[in-house]
Amino acid sequence: MHDLSRSHDLRELPLDKLVACHECDLLMLKPDLAPGERAECPRCGFELFSNQPRMLGRSLALVIAALLLYAPANFLPILQLRLLGQTTEDTVWSAVVALYASGLQGIAGVVFLCSMGIPLLKLLCQLVVLLTIYWDAGRAYGLLLYRIYHHLREWGMLEVYFMGILVSIVKLVSLADLAVGVGLACFICLLLIQVWLEITMSPHQVWEALSRGRTDASH
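Asks: Please set out the overall build of the protein chain residue by residue, giving values where relevant.
Replies: Per the secondary structure count, the protein chain includes seven helices and seven strands. Overall, the protein chain shows an N-to-C arrangement of helices and strands of β-β-β-β-α-β-β-α-α-α-α-β-α-α. Partitioning the intrachain contacts of the protein chain with sequence separation of at least 6 by distance along the chain shows that 61% fall at a separation of at least 24. Here the protein chain displays about 12700 Å² of accessible surface, and carbon together with sulfur accounts for 63% of that area.

Printed below as a string of structure tokens:
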């Protein structure tokens, strides 16, 4: 953990050497972190930066894995329901179609955006941002897409949809025979990979790499 509690005359330093805490607005010297180090605000303890080793390669691997899991998680059966001799298989996509067919077009649109559309856009934005860093080309587009990605983060609600699936399982298990499909395993893996990606893809390193070049994120 990097110590930022040293005293400096901040008025004599250029703005690009300073950083303000997002939580308590404390102004301090921007740290230089070694791989594996992280910096915390000395006043409130908020994590300011982290220097993830091999961030670029690990993040690219996670994004590609998430994209490979996207189609199975959304189009393969999540649950198989057997009731009164009839068997139905439900997927994320079939839930959207069922809502739309029931006359709930608005709800269907929200479910589609939050569970399928926006998560895919987030992954594509992350992929393009990482590729612009890897190829050291088109960083202006990378900066734009990374800003868009941060606006989309609040709308990706896979964990909410997953909780809805768990509640459905608990309520239906006593009424019918339930079998978990391959799609649920893919959905869980997709959710875990996205959480892992959020931890690995350090925003500080991405901004620095997009501003200065590939070498800032390759370590």
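Asks: Residue-level account of a nonpolar patch on the surface, with values.
Replies: Together, Phe75, Trp93, Val97, Phe112 and Leu113 line one region of the surface with nonpolar side chains, adding up to about 450 Å² of accessible area. With respect to the secondary-structure elements, phenylalanine 112 resides in helix α3 (residues 105-135). Under the relative-accessibility criterion, phenylalanine 112 is labelled partly exposed at 33%.

Asks: Hey, could you go over the packing of α3 against helix α4 (residues 139-152) for me, with residue numbers and the actual values?
Replies: Where α3 contacts α4, the axes come no closer than 9 Å and their chain directions differ by 150°. One way to sum up the angle between α3 and α4 is to call them roughly antiparallel. Judged by the twist between their axes, the crossing of α3 over α4 is left-handed. Residues Ile118, Leu121, Lys122, Cys125, Gln126, Val128, Val129 and Thr132 of α3 touch α4, and the partners they reach there are Arg139, Gly142, Leu145, Tyr146, Ile148, Tyr149 and Leu152. Residue composition of the contact of α3 with α4, by class: 10 nonpolar, three polar and two charged.

Asks: Can you lay out the environment of leucine 18 for me, pointing to particular residues and giving the numbers?
Replies: With respect to the helices and strands, the residue leucine 18 is situated in strand β1 (residues 18-20). For the pair leucine 18 and proline 31, spaced 13 residues apart in sequence, the C-alpha to C-alpha distance is 8.6 Å.

Asks: Tell me about unusual backbone geometry, and name the residues and values.
Replies: Phi is positive for aspartate 136, close to 55°, though the residue is something other than glycine. With respect to the helices and strands, the residue aspartate 136 is situated in the loop between α3 and α4.

Asks: Break down the environment of leucine 210 for me, with residues and values.
Replies: Topologically, leucine 210 is positioned in helix α7 (residues 203-212). Sequence-distant contacts of leucine 210, defined by excluding residues within four places in its chain, comprise Val129, Thr132, Ile133, Arg139, Gly142, Leu143 and Tyr146.

Asks: Describe the packing of α4 against α7, with residues and values.
Replies: Interhelical geometry of α4 versus α7 gives an angle of 155° and a closest axis separation of 8 Å. As far as their axial angle goes, α7 and α4 are roughly antiparallel. Remark: the crossing between α4 and α7 carries left-handed chirality. Along the contact surface, α4 presents Arg139, Gly142, Leu143, Tyr146, Arg147 and His150, while α7 presents Pro203, Val206, Trp207, Ala209, Leu210, Ser211 and Arg212. Of the residues contributing to the contact of α4 with α7, the split by class is seven nonpolar, three polar and three charged.

Asks: Describe the confidence of the model for the protein chain, naming the residues involved and giving the relevant values.
Replies: On average, the protein chain scores 77 in pLDDT, and the residues at 70 or more come to 72%. Averaged over each element, pLDDT in the protein chain is lowest for helix α5 (residues 158-172) (59) and highest for helix α1 (residues 55-75) (93).

Asks: Kindly report on α4, identifying the contributing residues and their values.
Replies: With 14 residues, α4 should reach 20 Å at 1.5 Å per residue; the first-to-last C-alpha distance of 20 Å fits that figure. Here α4 has its buried residues at Gly142, Leu143, Tyr146, Tyr149 and Leu152. Where α4 is buried, its residues touch α3, α6 (182-200) and α7.

Asks: Summarise the state of the cysteines; cite the residues concerned and give the values.
Replies: Going through the model one piece at a time under the given rule, you end up with zero disulfides. Free cysteine: cysteine 186, not disulfide-bonded; nearest cysteine sulfur from cysteine 189 at 6.6 Å.

Asks: Account for the packing of aromatic side chains, naming residues and giving values.
Replies: Tallying each qualifying case throughout the model produces four aromatic pairs. Judged by centre distance (6.2 Å) and plane angle (70°), the ring pair of tryptophan 93 and phenylalanine 112 falls under edge-to-face. Of this pair, tryptophan 93 sits in helix α2 (residues 92-101) while phenylalanine 112 sits in helix α3, and the two are 19 residues apart along the sequence. In this structure tryptophan 93 comes out as partly exposed when scored by relative accessible area, which is 38%. Arranged with centres 4.8 Å apart and planes meeting at 70°, the rings of tyrosine 146 and tryptophan 207 form a pair that is edge-to-face. Within this pair, whereas tyrosine 146 is found in helix α4, its partner tryptophan 207 is found in helix α7, the two being separated by 61 residues in sequence. Its relative accessible area of 2% is what places tyrosine 146 among the buried residues.

Cut-offs applied
Residues numbered from 1 in each chain as written. Predicted model: local features only at pLDDT ≥ 70, side-chain atom pairs only at ≥ 80, totals over all residues. Heavy atoms only, no water. Helix = DSSP H or I, 4+ residues; strand = E, 2+ residues; numbered from the N terminus. Contact = heavy atoms within 4.5 Å. Areas by Shrake-Rupley, 256 points an atom, 1.4 Å probe, with all protein chains shown as cover. Patch = residues over 30% accessible without salt bridge, like charges linked within 9 Å, V, L, I, M, F, W, Y side chains within 5 Å. Salt bridge = Lys/Arg side-chain N within 4 Å of Asp/Glu carboxyl O. Buried < 20%, exposed > 50% of the residue type's maximum accessible area, 1.4 Å probe, protein only. Axes fitted to C-alpha atoms, helices over the stretch in contact; angles between N-to-C directions. Parallel < 35°, antiparallel > 145°, perpendicular 65-115°, else oblique. Left-handed = near helix turned anticlockwise from the far one by under 90°. Nonpolar A, V, L, I, M, F, W, Y, C, P; charged D, E, K, R; others polar. pLDDT = per-residue confidence, 0-100. Expected span 1.5 Å × (residues − 1). Disulfide = S-S within 2.5 Å. Phe/Tyr/Trp six-rings, centres within 6.5 Å; stacked < 30°, edge-to-face > 60°.

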